[in-house]
Amino acid sequence: MKKTKYRQLYYTILTVVYLVLFSVGILIMLRSIDISKNQKEGSRLIGASYMSMSNEFFRIIHEQVRVRVEAEGDRVILRDPGMDVQRQKEQIREMMKMGIDALILTPVDPDGLVDVLIEARAKGINVIVVDSNVSTENLVNCTIVSDNYNAGCLDGEYMLKTQKEGKIVVMAHNSAVSGRQRVAGFLNTVSKNPAYTLECQIDCNGQYEKALSEMRDYLDKEREFDTVFCLNDPAAEGVVAALKEKGLAGDVNVYGVDASPDAKALIAAGMMKASVVQFPTKIGETAAEVLYDLIAGNKIETKITVPVDIVTQDNINQYEKDRWQ
């Protein structure tokens, strides 16, 4: 009797276990099918193309976009043109063939994307431009930029307060509207003091490697200068690296734009004077918000300007040095 009782209990437990496992398996299978089907049929495809992903500024912007897109159940495709406008056009066309619904864009050349933007407009693709401008803003839905002219002004104003005179080299990026605006703001500000002279303007494309190489060449020519204004921090960091090689870091006043963690470390160490704060997290969040307003059919602003601030040797301790603002 006892054996029979245990045998019945054993088979009962075994039956229950099999039923539970079978039920769980069915639920997992059904759930998997339903989720994948919904994702495939309902998700949107968002394209992203920035000037160069070697610049951490753009990586911060894109991370904010990616987080929001994925939270909405959509997908994002990122392509890196590496500062090549033809590659950027090819990559955008490739993404359009893949069926993107919208494009987040920082143009390598503001004049070089007109034809591809016309194609995007014809396909009904929403285009949001960040950090810089395109020459044909009627072909995009929204442009989101820092107050680039004022960024140059802030560096110039700090220079006027802290330097009685200056022999200035400018590291520029002439093909970028944002770069031209920063340089214009800076030069227009420091021109108020006749003791400031512009010795040279060098186009470095806002790239660390090119700024490093160009500053090395300039130092080899033994030109006299005591100040360098850089349109962004990668350029400023390249300049500082070249100055270090000659034992001049800290002797030349270097100004940048971005207030990246590396630039703030150089300011704290006395190797840079100041860097204007851009807010890439804010720019990315704003781009994502505009994107989903467009998708929802909401009214949006066609141009959004994000205010800037400045980090200097005087206020550096007020900022967290190991992260972007």
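Everything discussed here concerns the structure shown above.
Residues numbered from 1 in each chain as written. Predicted model: local features only at pLDDT ≥ 70, side-chain atom pairs only at ≥ 80, totals over all residues. Heavy atoms only, no water.

**Student:** Give a description of the overall build of the chain that names residues and reports values.
**Tutor:** Looking only at helices and strands, the chain features ten helices and twelve strands. Out of the 325 residues belonging to the chain, those deemed buried represent 49%. For the chain, the computed accessible surface area is about 16100 Å², with 50% contributed by carbon and sulfur atoms. (Helix = DSSP H or I, 4+ residues; strand = E, 2+ residues; numbered from the N terminus. Buried < 20%, exposed > 50% of the residue type's maximum accessible area, 1.4 Å probe, protein only. Areas by Shrake-Rupley, 256 points an atom, 1.4 Å probe, with all protein chains shown as cover.)

**Student:** Got a sec to walk through the side chain of Gln88? Specific residues and values, please.
**Tutor:** Mapped onto the fold, Gln88 is located in helix 3 (residues 85-97). Residue contacts for Gln88: discarding those within four places in its chain leaves Ser49, Tyr50, Pro81, Leu105, Thr106, Pro107, Val108 and Leu113. (Contact = heavy atoms within 4.5 Å.)

**Student:** Report on the packing of helix 3 against helix 4 (residues 114-122), specifying residues and quantitative values.
**Tutor:** Relative to each other, helix 3 and helix 4 sit at 10°, their axes nearing to 10 Å. Between helix 3 and helix 4, the angle is such that the two are roughly parallel. Facing helix 3, whose interface residues are Lys89, Ile92, Arg93 and Met96, helix 4 presents Asp115, Val116, Glu119 and Ala120. Considered class by class, the residues forming the contact of helix 3 with helix 4 number four nonpolar, no polar and four charged. (Axes fitted to C-alpha atoms, helices over the stretch in contact; angles between N-to-C directions. Parallel < 35°, antiparallel > 145°, perpendicular 65-115°, else oblique. Nonpolar A, V, L, I, M, F, W, Y, C, P; charged D, E, K, R; others polar.)

**Student:** Before we move on, can you summarise the state of the cysteines with the specific residues and values?
**Tutor:** Note: disulfide means a covalent bond formed between the sulfur atoms of two cysteine side chains. In this structure the tally under the stated criterion is zero disulfides. Take Cys230: it sits in no disulfide, and the sulfur closest to it among the cysteines is that of Cys204, at 6.8 Å. Cys230 sits in the buried class, given a relative accessible area of 0%. (Disulfide = S-S within 2.5 Å.)

**Student:** How would you summarise the nonpolar core if you had to cite specific residues and measurements?
**Tutor:** Grouped together as the largest cluster of nonpolar side chains are 31 residues, with contacts concentrated most on Met171, Met215, Phe225, Val228 and Val254. Elements supplying a minimum of two residues to this core: strand 6 (166-172), helix 7 (208-220), strand 8 (227-230), helix 8 (233-245) and helix 9 (261-268). The residues touching Met215, leaving out its near neighbours within four places in the chain, are Val169, Met171, Phe225, Val228, Val239 and Ala242. Counting 27 residues, the second-largest nonpolar core is a separate cluster that includes Met51, Ile60, Ala102 and Val130. (Core = buried A, V, L, I, M, F, W, Y, C linked by side-chain atoms within 4.5 Å.)

**Student:** So what's going on with helix 4? Which residues, and what values?
**Tutor:** Within the span of helix 4, buried status applies to Val116, Leu117 and Ala120. An end-on view of helix 4 places all buried positions within 100° of arc, on one side of the element. Packing partners of the buried residues in helix 4 comprise helix 3, strand 3 (102-105) and strand 4 (126-130). The positive-phi residue at the C-terminal boundary of helix 4 is Gly124, with phi of around 75°. (Arc of directions from axis to C-beta.)

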